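In case you want the letters, here they are:
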Amino acid sequence: MNVTVKLTGTLVARTGTHEARVAVPAGATVRDVVEALADSYGPQVRAGVLDGERLRSDTVVVRESVDSTETLSTATSLENGDTVRFRLNV
């Protein structure tokens, strides 16, 4: 399945892009998306988002849709076509 990832703050510097599209297996979680980003852009992405198995305290991940946003954790399952935004609250 495909997930669109929107990046802000230092994650743009770590990846060189504001938006990425990643392919992950069905039933993938936010953590799987982070790992896919790290595979594509380097381990600095993982370090910029995760603290062990959890999101860093300065990182918020939200699922965006036309009419709402939902805050996610690393264990949240995603669906094909989801758009998630990684925000750094610095």
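Residues numbered from 1 in each chain as written. Predicted model: local features only at pLDDT ≥ 70, side-chain atom pairs only at ≥ 80, totals over all residues. Heavy atoms only, no water.

Peer 1: Explain the side chain of Thr-4 to me, please; I cannot follow it from the model alone.
Peer 2: Topologically, Thr-4 is positioned in strand S1 (residues 2-7). Take Thr-4: its relative accessible area is 10%, and that puts it in the buried class. With residues near it in sequence (within four places) discarded, Thr-4 still touches Glu-19, Ala-20, Arg-21, Asp-82, Thr-83 and Val-84. (Helix = DSSP H or I, 4+ residues; strand = E, 2+ residues; numbered from the N terminus. Buried < 20%, exposed > 50% of the residue type's maximum accessible area, 1.4 Å probe, protein only. Contact = heavy atoms within 4.5 Å.)

Peer 1: Is there a simple way to explain the environment of Ala-26 in this structure?
Peer 2: Structurally, Ala-26 can be placed in the loop between strand S2 (19-23) and helix H2 (30-41). Sequence-wise, Ala-26 and Ser-68 are 42 residues apart; in three dimensions their C-alpha atoms are separated by 23 Å.

Peer 1: Help me out: how do you make sense of H2 in this one?
Peer 2: For H2, spanning 12 residues, the distance from its first C-alpha to its last is 16 Å, which sits close to the expected 16 Å at 1.5 Å a residue. All of the buried residues along H2 are Val-30, Arg-31, Val-33, Val-34, Ala-36, Leu-37 and Ala-38. (Expected span 1.5 Å × (residues − 1).)

Peer 1: Would you explain the pattern of salt bridges in this entry?
Peer 2: A side chain of one charge can pair with a side chain of the opposite charge if their charged atoms are brought near each other. Counted according to the given criterion, the structure contains 8 salt bridges. Of the charged contacts, one joins Arg-31 and Glu-35 as a salt bridge, the two residues approaching to 3.3 Å between their closest N and O atoms. Of this pair, Arg-31 and Glu-35 both sit in helix H2, 4 residues apart, which is roughly one turn of the helix. Judged by relative accessible area, which is 21%, Glu-35 ranks as partly exposed. (Salt bridge = Lys/Arg side-chain N within 4 Å of Asp/Glu carboxyl O.)

Peer 1: Help me understand the sheet that holds S1 in this model?
Peer 2: Within a sheet, adjacent strands bond to each other through the backbone by hydrogen bonds, running parallel or antiparallel. Across the sheet, 5 strands lie side by side as S2-S1-S7-S5-S6; this open sheet has mixed pairing. Each end of this open sheet is capped by a strand with a single partner; those strands are S2 and strand S6 (69-72). Strand after strand, the sheet turns through a mean of 30 degrees between neighbouring axes, direction not considered. Examined bridge by bridge, strand S5 (residues 59-64) and S6 share 4 bridges and lie antiparallel to one another. Residue Val-61 lies in a different strand from S6, and its bridge partner there is Leu-72. Its contacts with the sheet put H2 on S1, S2, S5, S6 and strand S7 (83-88), and the angle it makes with S2 is roughly 110 degrees. (Pairing = 2+ DSSP bridges. Axes fitted to C-alpha atoms, helices over the stretch in contact; angles between N-to-C directions.)

Peer 1: Would you mind going over the nonpolar core with me for this structure?
Peer 2: Proteins that are soluble and globular tend to have nonpolar side chains buried together. Val-3, Val-5, Val-22, Val-33, Val-84 and Phe-86 are the most contacted members of the largest nonpolar core, which has 24 residues in total. Counting residues per element, the ones that place at least two in this core are S1, helix H1 (10-15), S2, H2, helix H3 (43-49) and S7. Looking at this core element by element, the count peaks at 5 residues for H2. The contacts of Val-3, once residues within four sequence positions are left out, are Ala-20, Arg-21, Val-22, Val-24, Val-33, Leu-78, Glu-79, Asp-82 and Val-84. (Core = buried A, V, L, I, M, F, W, Y, C linked by side-chain atoms within 4.5 Å.)

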